[in-house]
Amino acid sequence: MSLLEVKRVSKHFGGLAAVSSVSFGIERGEIMGLIGPNGAGKTTLFNVVNGFYAPTKGEVLFKDQRVSGLKPHRICRLGVARTFQVVKPLQRMSVLDNVIASAFLRARNKGEAEDTAREVMQFTGLSDDSRVISKGLPLGKRKRLEIARALATRPDLLLLDESFAGLNPAELDESIGIIRKIKEKGITIMIIEHHMRVIMSLSDRIVVLNYGEKIAEGTPREIGSNPLVIEAYLGEAQRA
Amino acid sequence: MKKYVTYIVLGLLALLPLLGLNSYVMHILILVIMWSVIGMSWNLLSGYCGQVSFGHAAFFGTGAYTAGMLYNKLGISGWWGFPASVFVVAVCALGIGYICLRLRGPYFALATLSMGVIFRIVAENLVNVTGGDLGIMIRERTWIDKTWYFYIILAVAASSFFLVRKVIGSKLGYYFVAIREDQDAAESLGIDTTLYKTIALILSAVITGFAGVFYTNYMGYIDPKVVFALHDISIIAIMVVMVGGVATFWGPVVGAIIMVLLAEMIRSIPKLGTAHHTLFGILLIVIIIYLPNGIVGDFPKIKRLLRIGGVPR
């Protein structure tokens, strides 16, 4: 039984099929990479899984329960947390308050929420910034704040939407370390990423989207040698 | 020391009537406190939760008419309006919320603005129920003296102040601010944004309704044009908080003092007095440009400006 099952999911915007008939499953404890050229429908797929969009066709099952059509907050309560490609910190709140706000989902009182928040911030290396107003945080840390906030909801499945984009090499290594630690805690991860080095080294399996369709699925090694993928994605990247 | 500021202010206010102030000064004090109640309630919904309402007159008027009609139709004291208005205003807020809270930002603001106007027009035209434009007159005033009115509105204000502070320090407060800062992020963090916006709206509406109930009992006369007024209630509620300081505990109090005193002063200026709304408009523009966080929110900035002005270079 898969933790998350995406079954023949399509999402249309007017006449445009952003995602068409995509199916795959994610097993407990694995890191699933989702790659594809710009506009391939990766974020749209995240938005369907997370509940911002209801799929036009198909369904999403989480822990064998149908979640497509539920609101995002319900899906989050069931155990799916996400980060945003364009970071959305609660700007005029301190970093600590940001994380407390999401920790309240599973906490019975403020003390408990604060404990969770501090633990998660320690885990993501944000402890020194707890009093900083998140508006003033540099991009690298804002991306990590997104991860910290998502973790504070105690998810079973974590959706990371380009959490590595725009990071410098040092921050990149730090974030890779954090993702590995999250996996060790037994949290399943689905990750959208353009950084080939990151995705190839982190993922257990990879799904490749192109023009909204799944064109390949397999281990990083299989994906790296798949001619379709090379043509659609890697080939393009190498030429650039 | 700072912890006790609230109690000290409250204590001093409670002593004021003992000074034997004249009836006009007492009236101004009562208005200031009433407006800080309205400001606090508007601040809860619009300042903390970010849902900017242009229609708080709907709740003020509903509270006022609840009290007025209890007296007029049932022949009981208008003060019963306090318990009764909780139910009546909450139901109205629920209806308004159902319609307006699915809209965001300026669309929500416009929808609430129209709600305020709709409530006024309904109150004007349901002549059998509300008495229409004739309004409602409370013929037996409870007290001639203003002292007890002062203590009653002071009690309402103190309760509202502590309630708002309690709410903002709790999970609700975190959720309200999260919704204000980014509704999509809040939703994906497991916050039921529709539910918590509705809670903010109902809390805010009920507190404003209390101010309305008090107004009826205090003034002894209400009509739809006054208690459902867009310019005199809804907009002034916004101005009180904008001038004092959005999303601050003391902002509505400071704003109420300034707005009530300003209104009294401007009205007494010959010729210019009738244009007080125009002057309020200009004041609002100045505040938004120079003190976008209001007097309380931008207090450090004001202190800095005054110091630079005071020290010769």
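Anyway, here's the lowdown on the structure attached to this text. (Residues numbered from 1 in each chain as written. Chains lettered and ligands numbered in written order. Predicted model: local features only at pLDDT ≥ 70, side-chain atom pairs only at ≥ 80, totals over all residues.)

**Remarks on the overall build of chain A**
Operational definition: Helix numbers and strand numbers start at the N terminus; a helix is a DSSP run of H or I with at least 4 residues, a strand a run of E with at least 2. With C-alpha atoms as the basis for the radius of gyration, the globule rule is written as 2.2 Å multiplied by the number of residues raised to the power 0.38. Remark: C-beta atoms are placed from the backbone, and a residue is labelled buried if 20 or more other C-beta atoms sit within 10 Å of its own, exposed if 12 or fewer do, or partly exposed between those counts. Any pair of residues counts as being in contact when their C-beta atoms, constructed from backbone geometry, are within 7 Å of one another.
Regarding its fold elements, chain A presents nine helices and 10 strands. Compactness check: chain A gives a C-alpha radius of gyration of 18 Å against a globular reference of 18 Å for 240 residues, within 12% of the reference. For chain A, the spread of C-alpha atoms along the principal axes amounts to about 50 × 40 × 35 Å. Counting only residues that meet the buried cut, chain A has 46% of its 240 residues in that class. Across chain A, contacts joining residues at least 24 apart in sequence account for 64% of those joining residues at least 6 apart.

**Concerning the interface of chain B and chain A**
Contacts between chain B and chain A engage 16 residues on the former and 21 residues on the latter. At the level of secondary structure, the elements contributing two or more residues to the side of chain B that touches chain A comprise helix 8 (171-181) and helix 9 (183-188) of chain B. Sorting elements by how many residues they give to the side of chain B that touches chain A places helix 8 of chain B first, with six residues.

**Digging into the sheet that holds strand 1 (residues 4-13) of chain A**
All names here are of chain A. This is how it is decided: Any two strands between which DSSP finds at least two bridges are classified as paired.
Spatially, four strands are ordered 2-1-4-5 in an open sheet, and the strand pairing comes out antiparallel. Two strands bound the open sheet, and with one partner strand each, they are strand 2 (16-26) and strand 5 (65-66). Of the strand pairs in this sheet, strand 4 (residues 57-62) and strand 5 are connected by two bridges, and their pairing is antiparallel. The residue bridging Phe62 from the neighbouring strand is Gln65, located in strand 5.

**Focus on the packing of helix 3 (residues 95-103) of chain A against helix 4 (residues 110-123) of chain A**
Residues and elements named next belong to chain A. As a reminder, the rule being used: Every axis in this analysis is a line fitted to C-alpha atoms, fitted for helices over the stretch in contact. Angles between the N-to-C directions lie between 0 and 180 degrees. When an angle is under 35 degrees it counts as roughly parallel; over 145 it counts as roughly antiparallel; between 65 and 115 it counts as roughly perpendicular; any other value is oblique. Two helices that cross are described as forming a left-handed crossing if the nearer one is turned anticlockwise from the farther one by less than a right angle, and a right-handed crossing if clockwise. In this count, Pro and Cys sit with the nonpolar residues alongside Ala, Val, Leu, Ile, Met, Phe, Trp and Tyr, while Asp, Glu, Lys and Arg are called charged and the others, Gly among them, polar.
With their axes 8 Å apart at the nearest point, helix 3 and helix 4 run at an angle of 120° to one another. Here helix 4 runs oblique to helix 3, going by the angle between their axes. Judged by the twist between their axes, the crossing of helix 3 over helix 4 is right-handed. On helix 4, the residues that touch Leu96, Val99, Ile100 and Ala103 of helix 3 are Ala113, Glu114, Thr116, Ala117, Val120 and Met121. Among the residues making up the contact of helix 3 with helix 4, the classes are represented as eight nonpolar, one polar and one charged.

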